[in-house]
Amino acid sequence: MNREVTLPLIVDDRGTLQVAASDVSKLLRTVGGRWLRLVEAGEESLDEDTVAALTIELAKLADRIDVACIAHSSDRST
């Protein structure tokens, strides 16, 4: 299953980005990591397979954001 995700970005009235993409990708990875630690700690209300699948998807999305930012930066520097 391959779905495209569009993330709305928060900009001010001058068009200045208020949320850095690096912060978004870091947040996605942090959420996944915390879920995994809860599972490892024996949190019974969390299904291990579901947490693993969701964590993987969050990491993939974070990777896509990072790659898009790198590509955007590379395009501007040429």
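Cut-offs used in this document
- Here the residue numbering is sequential within each chain, running from 1 through the sequence in written order.
- Per-residue local features are limited, in this predicted model, to residues with pLDDT of at least 70; the limit for side-chain atom pairs, both in listing and counting, is 80 or more; totals at the level of whole chains, interfaces and linings are taken over all residues.
- Side-chain calculation: all heavy atoms of the structure are included, whereas hydrogens and water are not.
- Secondary structure elements follow DSSP: runs of H or I no shorter than four residues count as helices, runs of E no shorter than two count as strands, and numbering proceeds from the N terminus.
- Accessibility here uses a 1.4 Å probe with only protein chains present; expressed as a share of the type maximum, an area under 20% marks a residue as buried, one over 50% as exposed, and anything in between as partly exposed.
- Contact between two residues is taken to exist if any of their heavy atoms lie within 4.5 Å; hydrogens are not considered.
- The criterion is simple. A nonpolar core is a set of buried Ala, Val, Leu, Ile, Met, Phe, Trp, Tyr and Cys residues joined through side-chain atoms within 4.5 Å.
- Here the term patch refers to residues with relative accessible area over 30% and no salt bridge, with like charges joined within 9 Å and nonpolar side chains (Val, Leu, Ile, Met, Phe, Trp, Tyr) within 5 Å.
- Per-residue accessibility takes into account occlusion by the displayed protein chains alone, with areas from the Shrake-Rupley method and a 1.4 Å probe.
- A carboxyl oxygen of Asp or Glu within 4 Å of a side-chain nitrogen of Lys or Arg is what we treat as a salt bridge.
- Here Asp and Glu are counted as negative and Lys and Arg as positive; His is not counted, and neither are the chain ends.
- Lys charges are placed at NZ, Arg charges at CZ, Asp charges at CG and Glu charges at CD.
- Here the expected span of a helix is defined as 1.5 Å times the quantity of residues minus one.

Caption draft 1: Molecular detail of the overall build of the protein. Looking only at helices and strands, one finds two helices and zero strands in the protein. Within the span of the protein, comprising 78 residues, buried residues form 15% of the whole. Considering only intrachain contacts with a sequence separation of at least 6, the fraction spanning at least 24 residues in the protein is 50%.

Caption draft 2: Focus on the nonpolar core. Membership of the largest hydrophobic core is limited to five residues, which are Leu28, Leu58, Leu61, Ala62 and Ile65. Those residues in contact with Leu28 that sit more than four places away from it in its chain are Leu58, Leu61, Ala62 and Ile65.

Caption draft 3: Expanded view of a negative patch on the surface. Together, Glu40, Asp47, Glu48 and Asp49 make up a negatively charged patch on the protein surface. Checked against the element boundaries, Asp49 lands in helix α2 (residues 48-77). According to the relative accessible area criterion, Asp49 is exposed, its value standing at 61%.

Caption draft 4: Geometry of helix α1 (residues 21-40). End to end, α1 covers 29 Å across 20 residues, agreeing with the expected 28 Å (1.5 Å per residue, within 8%). Positive phi shows up at Gly42, right after α1, with a value of about 90°.

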